[in-house]
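Okay, here's what each chain looks like letter by letter:
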Amino acid sequence: MSKLLVVVDYQKDFVDGALGYAGAGALEAPLYEKVKAALAAGWKVIFTRDTHAPDYLDTREGRFLPVPHCIAGSEGWHLYGRLAEFEAAENESVAFVDKPTFGSAELPAAARALCGGEPEEIALCGVVTNICVVSNAVVLHSAFLASTITVLKDLCGTSDDAMGQKAFDLLAGMGYRVV
């Protein structure tokens, strides 16, 4: 069994683009270092990318959050800063999951394929804590009954700290490790 780091949606549009917020850029260096350290320690890494079509505003999510963002192939869709290096380099320990909504139904299958089965341990980080991070944590929790799942609090971000804390409290109450 292997270990898996999931970096949720650390894309340009969530840092300095359409849905960017103060403080998001400060996550770049620690996220980059975490990915590098994880890979050096033999972990697998999945980056999720929020991915929308030009008709985003006509979708259920687009009606809820009416701000066009992360349109597939656009500048805002790509990983932010130094993390974009991972999009350009082939690495058998890295995979990408393009997801059309908050949580990805495809994430568990991608994790199984990359890890060769159920990961022993899963760590999550990224943005937005109270929307996409929590959604993907729940998806993974539902799919992997034996995995230890940890949310890396200091490597998560949101524009609403109170909602971020509520997300951490919810996850802790469901049995996740929040560190």
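Residues numbered from 1 in each chain as written. Predicted model: local features only at pLDDT ≥ 70, side-chain atom pairs only at ≥ 80, totals over all residues. Heavy atoms only, no water.

Student: Would you mind going over the packing of helix H6 (residues 129-143) against helix H7 (residues 161-173) with me for this structure?
Tutor: Two quantities define a packed helix pair, namely the angle between the axes and the distance from one axis to the other. At a minimum axis distance of 9 Å, the contact between H6 and H7 shows a crossing angle of 20°. Here H6 is positioned roughly parallel relative to H7, judged by the angle of their axes. Crossing geometry of H6 relative to H7 is assigned as right-handed. Two secondary-structure elements touch here, H6 through Thr129, Asn130, Val134 and Ala137 and H7 through Met163, Gly164, Ala167, Phe168, Leu170 and Leu171. (Axes fitted to C-alpha atoms, helices over the stretch in contact; angles between N-to-C directions. Helix = DSSP H or I, 4+ residues; strand = E, 2+ residues; numbered from the N terminus. Parallel < 35°, antiparallel > 145°, perpendicular 65-115°, else oblique. Left-handed = near helix turned anticlockwise from the far one by under 90°. Contact = heavy atoms within 4.5 Å.)

Student: What is the right way to read the pairing of strand S4 (residues 121-127) from this model?
Tutor: Looking down a regular strand, the side chains alternate between one sheet face and the other. Taking burial as the measure, the seven residues of S4 include seven buried ones, the bulk of the element. Taking every second residue as pointing to the same face, both faces of S4 are buried, with Glu121, Ala123, Cys125 and Val127 on one and Ile122, Leu124 and Gly126 on the other. In this sheet, strand S5 (residues 148-157) lies alongside S4 in parallel orientation, the contact comprising six bridges. By the bridge assignment, glutamate 121 is partnered in S5 with threonine 148. (Buried < 20%, exposed > 50% of the residue type's maximum accessible area, 1.4 Å probe, protein only. Pairing = 2+ DSSP bridges.)

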